[in-house]
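# Geometric and topological summary
Chain residues, written in single-letter form:
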Amino acid sequence: MEPREVTALDEPQLVLRRAATRFEHDRIAISFSGAEDVVLIDMAHRLGLDFKVFSLDTGRLHPETYRYFETVRDHYQIQIELLLPEPAAVARLVSDKGLFSFYKDGHGECCAIRKIEPLRRKLDTLDAWITGQRQDQSVTRANVPLEQADEVFSTDSRSLTKFNPLANWTSNEVWSYIRHHDVPYNSLHDQGYVSIGCEPCTRAVGPHEHERAGRWWWEEATQKECGLHGENVVKIIG
Amino acid sequence: MHITFVKKILATGEPCRKCRDVETRLDKSGHMDRIDRILIADEREPESPGAVLARELSVDRAPFFVVENEGVQTVYTVYFKFLKEVLEVDVSSADAAREILRDNPELDFI
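Since the model is a prediction, treat every value here as computed from it, not as a measurement.

Scanning chain B from terminus to terminus reveals 4 helices and 4 strands. Starting at the N terminus and ending at the C terminus, chain B contains elements arranged as β-α-β-α-β-β-α-α. A globule of 110 residues ought to have a C-alpha radius of gyration of about 13 Å, and chain B, at 14 Å, matches this closely. C-alpha atoms of chain B, sized along the principal axes, occupy 40 × 35 × 25 Å. In chain B, which comprises 110 residues, the share counted as buried stands at 33%. A separation of at least 24 residues holds for 50% of the contacts in chain B among residues at least 6 apart in sequence.

And the structure:
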């Protein structure tokens, strides 16, 4: 039988294999958001790649997402490490600004405490991580590559590699995979949720709305877009 | 040691939000005294000194700091790293995380 030509649809599996080959088991992990990036876990499972898996438990996720973590844990017989925010930092934020400060001040401060700081702590223990980031998710992800040196979380003494196996996949391709392989998915997707984050900051979107419209909808999209380069010195990211 | 602080002025004539924030924090903490030179990268003026320097150094974000020390030039685009490594100031992990997110908005989707 003629070997089948490798296509873009095989890309994620190739990237996962490469990642598993290059990094020690204890030094690489999949970041699972509790949404459609479950395909990474499914692919790894089918390939026999025993990656560690972690998720950010911000404390504000939907009940459906917490139940979904358990579904995935049972289905694949894996451990999912839940990363919690620093209690003192959350207590300070809530005490100073209340439980819903993000509606007034923007989501940055809350996300930094509940997501970024725990993520940074975790990544300090790894040499590589694997995300479900895709180029079609938002303008800020338009250039996400399959593999990159993670300049954000690398330190002077340790370089971190970031794999984005789904970078070139579309949402349709992800969902085709989920349906074809009967992959368990977050029940919120059946209620019109596309991108799923914390409960107060996520909502269902209409059929023709971009998934970004379901996150932090009260903030101006332009707040996130500011780039400038050389010849038209027009915008330096700021 | 010679430190240059480059801040951006938007096409509207307003300072960019992050530049304003950083400048305020430098002022309040008294660290502005450590800055030797402030340059403006004006979106309306491609030849403004800060814009020229950004091009020369291939820097695509503002604000940024250029530190020259014993002939070695280092560029800092991350404020908390500049604080920690150059001004030797303790930075809280919450502040550092917030700046990481501000500079890398795609991370909030994680």
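With that out of the way, let us pick up the environment of arginine 17 of chain B. Position of arginine 17 of chain B among the secondary structure elements: in helix H1 (residues 17–29). Sequence spacing of arginine 17 of chain B and proline 63 of chain B is 46 residues, and the spatial spacing of their C-alpha atoms is 9.8 Å.

Residue and element names in this part refer to chain A. A sheet is described by the order of its strands in space; here 6 strands give the open sequence E3-E2-E1-E4-E6-E5, paired in mixed fashion. The open sheet has two edge strands, strand E3 (80–83) and strand E5 (147–149), and neither has a second partner. Adjacent strand axes in the sheet meet at a mean angle of 30° when their direction is disregarded. Examined bridge by bridge, E5 and strand E6 (residues 161–163) share 3 bridges and lie antiparallel to one another. Opposite alanine 149, over in E6, you have threonine 161 as the bridge partner. Of the strands in this sheet, strand E2 (52–56), E3 and strand E4 (128–130) touch helix H6 (residues 108–123), which is tilted by about 160° from E2.

So, about the packing of helix H4 (residues 87–97) of chain A against H6 of chain A. Residue and element names in this part refer to chain A. Packing of H4 against H6 leaves a shortest axis separation of 10 Å and a crossing angle of 170°. As the angle between them shows, H4 and H6 are arranged roughly antiparallel. At the point where H4 passes H6, the crossing takes the left-handed sense. On the side of H4, the interface is formed by Ala89, Val90 and Leu93, while H6 contributes Glu109, Cys110, Ile113, Arg114 and Glu117. When grouped by side-chain class, the residues that make up the contact of H4 with H6 number 5 nonpolar, no polar and 3 charged.

Counting residues in each nonpolar core, the largest one holds 50 residues, and the members touching the most others are Ala19, Ile28, Ala29, Ile30, Ile41, Phe51 and Ile130 of chain A. Elements that contribute at least two residues to this core include exactly helix H1 (11–22), strand E1 (28–31), helix H2 (38–47), E2, helix H3 (63–76), H6 and E4 of chain A together with helix H4 (93–103) of chain B. For this core, the element with the highest residue contribution is H6 of chain A, accounting for 7 residues. With 18 residues, the next largest nonpolar core counts Leu26, Ala54, Val59 and Phe82 of chain B among its residues.

Let us now look at the confidence of the model for chain B. Across chain B, pLDDT averages 90, with 97% of residues at or above 70. Per the prediction output, this complex has pTM 0.77; the corresponding ipTM is 0.70.

What follows deals with H4 of chain B. Ala94, Ala96, Ala97, Arg98, Glu99, Leu101 and Arg102 of chain B are the residues of H4 of chain B that are buried. Looking at the buried side of H4 of chain B, the elements it contacts are H4 and H6 of chain A together with H1 and helix H3 (79–85) of chain B.

A separate point is unusual backbone geometry. Residues alanine 62 of chain B and proline 63 of chain B are joined by a peptide bond in cis, for which omega reads 0°. Take proline 63 of chain B: it is sitting in the loop between helix H2 (49–57) and strand E3 (64–69). Even without being glycine, glutamine 77 of chain A reaches a positive phi, approximately 55°. Turning to its location among the elements, glutamine 77 of chain A is positioned in the loop between H3 and E3. Using a count of 7 C-beta atoms within 10 Å as the deciding quantity, one classes glutamine 77 of chain A as exposed. Backbone geometry places tryptophan 216 of chain A, a non-glycine residue, at a positive phi of 50°. Among the structural elements, tryptophan 216 of chain A can be located in the segment after helix H7 (171–180).

Residues and elements named next belong to chain B. Read from one edge of the open sheet, 4 strands run E2-E1-E3-E4, paired in mixed fashion. With partners counted over all chains shown, the strands left at the sheet margins are strand E2 (37–42) and strand E4 (72–76), one partner each. Taken pair by pair, the neighbouring strands of this sheet meet at an average axis angle of 20°, ignoring direction. Looking at chain direction, strand E1 (residues 2–9) and E3 are connected through 5 bridges and run antiparallel. Residue pairing for E3: histidine 2 is matched across the bridge by glutamate 68. Packing of H2 onto the sheet brings it into contact with E1, E2, E3 and E4, and relative to E2 it is tilted by some 90°.

Next up on the list: the pairing of E3 of chain A. Every regular strand shows the same layout, with side chains that alternate between the two sheet faces. Pairing of E2 of chain A with E3 of chain A, which is carried by 4 bridges, proceeds in the parallel orientation. Residue pairing across strands places valine 53 of chain A opposite isoleucine 80 of chain A, the latter belonging to E3 of chain A.

Sheet analysis places E3 of chain B next to E4 of chain B, joined by 5 bridges and oriented antiparallel. Across the sheet, asparagine 69 of chain B pairs through a bridge with valine 72 of chain B, a residue of E4 of chain B.

What counts, and at which threshold
- Residues numbered from 1 in each chain as written.
- Chains lettered and ligands numbered in written order.
- Predicted model: local features only at pLDDT ≥ 70, side-chain atom pairs only at ≥ 80, totals over all residues.
- Helix = DSSP H or I, 4+ residues; strand = E, 2+ residues; numbered from the N terminus.
- Rg over C-alpha atoms; globule rule 2.2 N^0.38 Å.
- Buried ≥ 20, exposed ≤ 12 C-beta atoms within 10 Å, placed from the backbone.
- Contact = placed C-beta atoms within 7 Å.
- Pairing = 2+ DSSP bridges.
- Axes fitted to C-alpha atoms, helices over the stretch in contact; angles between N-to-C directions.
- Parallel < 35°, antiparallel > 145°, perpendicular 65-115°, else oblique.
- Left-handed = near helix turned anticlockwise from the far one by under 90°.
- Nonpolar A, V, L, I, M, F, W, Y, C, P; charged D, E, K, R; others polar.
- Core = buried A, V, L, I, M, F, W, Y, C linked by C-beta atoms within 7 Å.
- pLDDT = per-residue confidence, 0-100.

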